[in-house]
Amino acid sequence: MNLDDLTKVWRSQDLSPLYGVDKTLLHQMLRQEQAKLEKRLRRARWFMYVTNAMLFIMAGLFFAILIDPRQPPMFSARLSVWDYVVGVVGVAAALILAGALFVARRSRQAREQGFGDSLRDHLRRRIAQFDAEATGERRLELTMAVTPLICATAISILSGRIKHVPVPWSEIVWPSPFKIVLIFGLLYLLFFRWIPRERQRNLSRKRQLEALLKEFDGQ
């Protein structure tokens, strides 16, 4: 039996709303769900940290090569203002991603403060998590999805421009229309189909938990 099964049992009762709900088991289920959530977030966080570090190092290295004053004049003469623009955009995207990760972690830590290990605290914590997923974290999710794409594109362009024989802008291989449509299609499915569907399920669970908490508080 999991948390959803327990809430279904609670909702199916005709007499007392809490009849048949094992509070000890409910408490255990909430603890297990919180532990699984923290483990999943920890893995995702470290993956994003490693990705951000790699993107920042590569973008910063390529940009440093562009602005290195020790480069021979022939190298500098082949560069255009767009090379520097792309370098700045790549580094800026990596820094924005790092800032978004920092803000996401700080907001999560602030949200988790004040909650203990009691059953009511676990219910309030899970409700607060559902609230954050439905409202405040949307922009952060979008930022953390778009900025790596921008930074990786800038790195790909600069890798050709800083070669011994730089690739002319007119010969840079840009993504094909199919790849562009595929990327935007995946982003559309992610942010306008899959995530909203998951939020709808979380909203239903949140209402169940709020009703449970209201019954507990009324005792």
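The model shown is predicted, which means the values in this text are computed figures rather than measured ones.

Thoughts on a nonpolar patch on the surface
Part 1 of the argument: On the surface, Phe178, Leu182, Leu186, Tyr188, Leu189, Leu190, Phe192 and Trp194 cluster together into a nonpolar patch covering about 810 Å² of accessible area.
Part 2 of the argument: Note that Leu190 resides in helix α7 (residues 177–217).
Part 3 of the argument: Relative accessible area serves as the criterion here: at 30%, Leu190 is assigned to the partly exposed category.

Points about the side chain of Gln34
Part 1 of the argument: Mapping Gln34 onto the fold places it in helix α2 (residues 23–67).
Part 2 of the argument: Gln34 sits in the buried class, given a relative accessible area of 9%.
Part 3 of the argument: Setting aside chain neighbours within four positions, we find Gln34 in contact with Glu112, Arg125 and Gln129.

Considerations on the nonpolar core
Part 1 of the argument: In terms of nonpolar packing, the biggest core is built from 19 residues, with Cys151 and Ile155 touching the most fellow members.
Part 2 of the argument: Counting residues per element, the ones that place at least two in this core are α2, α4 (81–112) and α6 (138–161).
Part 3 of the argument: The residues touching Cys151, leaving out its near neighbours within four places in the chain, are Leu55, Ala59, Gly90, Ala93 and Ala94.
Part 4 of the argument: By size, the runner-up hydrophobic cluster in this structure holds ten residues, among which are Leu26, Leu119, Leu213 and Phe216.

Points about the confidence of the model for the protein chain
Close inspection of predicted coordinates is inappropriate in any region flagged by low pLDDT.
Part 1 of the argument: For the protein chain, per-residue confidence averages 80 on the pLDDT scale, and 82% of positions sit at 70 or higher.
Part 2 of the argument: Mean pLDDT in the protein chain bottoms out at helix α1 (residues 3–11), which sits at 55, and peaks at α4, which reaches 90.
Part 3 of the argument: A low-confidence stretch, residues 12–20 stays under pLDDT 50, and its non-local contacts, those more than four residues away or across chains, total nine contacts.

Reading the values: the criteria
- Residues numbered from 1 in each chain as written.
- Predicted model: local features only at pLDDT ≥ 70, side-chain atom pairs only at ≥ 80, totals over all residues.
- Heavy atoms only, no water.
- Patch = residues over 30% accessible without salt bridge, like charges linked within 9 Å, V, L, I, M, F, W, Y side chains within 5 Å.
- Areas by Shrake-Rupley, 256 points an atom, 1.4 Å probe, with all protein chains shown as cover.
- Salt bridge = Lys/Arg side-chain N within 4 Å of Asp/Glu carboxyl O.
- Helix = DSSP H or I, 4+ residues; strand = E, 2+ residues; numbered from the N terminus.
- Buried < 20%, exposed > 50% of the residue type's maximum accessible area, 1.4 Å probe, protein only.
- Contact = heavy atoms within 4.5 Å.
- Core = buried A, V, L, I, M, F, W, Y, C linked by side-chain atoms within 4.5 Å.
- pLDDT = per-residue confidence, 0-100.

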